Amino acid sequence: QVQLVESGGGLVQAGGSLRLSCAASGLAFSRYAMGWFRQAPGKERVIVATIDWSGRTSYYADSVRGRFTISRDNAKNTLTLQMNSLNPDDSADYFCAAETHQFGLGKRKDAFGTWGQGTQVTVSS
């Protein structure tokens with residue numbers, strides 16, 4: 001059974017930082033592109049950042065590029081999102097996800113088919 005478990009969310013002031021982690025089990029983690037998505041109340045779920053199976057290529061939404069960093073540790077089956085210079089617009093539920101097929105590049109939202117339960121991030125102004 002595949003499980004993705006996020007942690008690290010919480011309440012932070014604008015300008016602060018948070019580090020989200022996703023622990024993966026039940027899948028050959030190193031073979032799958034992974035991603036972080038977020039969903040604010042009343043809005044659709046959108047890509048924040050993705051990383052390919054090898055960890056060599058990553059993609060960022062324009063709104064977070066330069067502030068957020070996605071990384072993976074294939075030895076520990078862990079995906080991480082370092083979030084700096086947070087602002088209230090970053091407030092949302094953040095979800096970890098794995099692509100459905102192996103050895104993908106993580107470029108398309110519809111390629112992700114396995115999801116965690118989410119962790120809430122709230123940035124106060």
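An account of the accompanying structure is given in this report. Because the structure is a prediction, the values reported are computed rather than measured. (Residues numbered from 1 in each chain as written. Predicted model: local features only at pLDDT ≥ 70, side-chain atom pairs only at ≥ 80, totals over all residues. Heavy atoms only, no water.)

## Here's the deal with the overall build of the protein
Thought 1: When its secondary structure is counted, the protein shows zero helices and eleven strands.
Thought 2: Helices and strands in the protein line up, N terminus first, as β-β-β-β-β-β-β-β-β-β-β.
Thought 3: Taking 125 residues into account, the globule formula puts the C-alpha radius of gyration at 14 Å, and the protein, at 13 Å, falls close to it.
Thought 4: When the backbone C-alpha atoms are referred to their principal axes, the protein occupies close to 40 × 30 × 25 Å.
Thought 5: Per-residue burial for the protein yields a buried fraction of 42% across its 125 residues.
Thought 6: Considering only contacts in the protein between residues 6 or more positions apart, those separated by 24 or more positions represent 59%.
Thought 7: When the accessible surface of the protein is split by element, carbon and sulfur atoms take 46% of a total near 6400 Å².
Thought 8: Charge-centre separation for the protein: the mean point of 13 positive side chains lies 5 Å from the mean point of 10 negative side chains. (Helix = DSSP H or I, 4+ residues; strand = E, 2+ residues; numbered from the N terminus. Rg over C-alpha atoms; globule rule 2.2 N^0.38 Å. Buried < 20%, exposed > 50% of the residue type's maximum accessible area, 1.4 Å probe, protein only. Contact = heavy atoms within 4.5 Å. Areas by Shrake-Rupley, 256 points an atom, 1.4 Å probe, with all protein chains shown as cover. Lys, Arg positive; Asp, Glu negative; His and termini not counted. Charge placed at Lys NZ, Arg CZ, Asp CG, Glu CD.)

## What about unusual backbone geometry?
Thought 1: Located in the positive-phi region is Ser85, a residue other than glycine, with phi close to 50°.
Thought 2: Topologically, Ser85 is positioned in the loop between β8 (78-83) and β9 (92-99).
Thought 3: The phi dihedral of Phe103 is positive, around 60°, even though this residue is not glycine.
Thought 4: Assignment of secondary structure puts Phe103 in the loop between β9 and β10 (112-115).

## Brief notes about the environment of Gly10
Thought 1: Residue position: Gly10 is located in strand β2 (residues 10-13).
Thought 2: Judged by its relative accessible area of 25%, Gly10 falls in the partly exposed class.
Thought 3: Taking C-alpha positions, Gly10 is 8.4 Å from Val123, a pair spaced 113 residues apart along the chain.
Thought 4: The residues touching Gly10, leaving out its near neighbours within four places in the chain, are Leu18, Gln120, Val121 and Thr122.

## A short note on the packing of aromatic side chains
A ring pair, where both rings are aromatic, is described by two values, the distance of the centres and the angle of the planes.
Thought 1: In the structure shown here, the tally under the stated rule is three aromatic pairs.
Thought 2: Seen in terms of ring centroids, Phe37 and Phe112 are 5.1 Å apart; in terms of plane orientation they differ by 70°. Their pairing is edge-to-face. Linking Phe37 in strand β4 (residues 34-39) with Phe112 in strand β10, this pair joins segments that are 75 residues apart in sequence. Across this residue pair, the class does not change: Phe37 and Phe112 are buried.
Thought 3: Between Phe37 and Trp115, the ring centres sit 4.7 Å apart and the planes meet at 65°, which makes this aromatic pair edge-to-face. Highlighted residues: Phe37 in strand β4 and Trp115 in strand β10, separated in sequence by 78 residues.
Thought 4: For Phe37, a relative accessible area of 0% gives the class buried.
Thought 5: On the basis of relative accessibility, which here comes to 30%, the residue Trp115 falls in the partly exposed class.
Thought 6: An aromatic cluster is present here, built from Phe37, Phe112 and Trp115 joined pairwise through their rings.
Thought 7: Geometry around Phe95 places Arg45 over its ring, the cationic atom sitting 3.6 Å from the centre.
Thought 8: The residue whose ring lies beneath Arg45 is Trp115, and the NZ or CZ to ring-centre distance is 4.8 Å. (Phe/Tyr/Trp six-rings, centres within 6.5 Å; stacked < 30°, edge-to-face > 60°. Lys NZ or Arg CZ within 6 Å of the ring centre and 35° of its normal.)

Shape descriptors only; they carry no functional weight alone.
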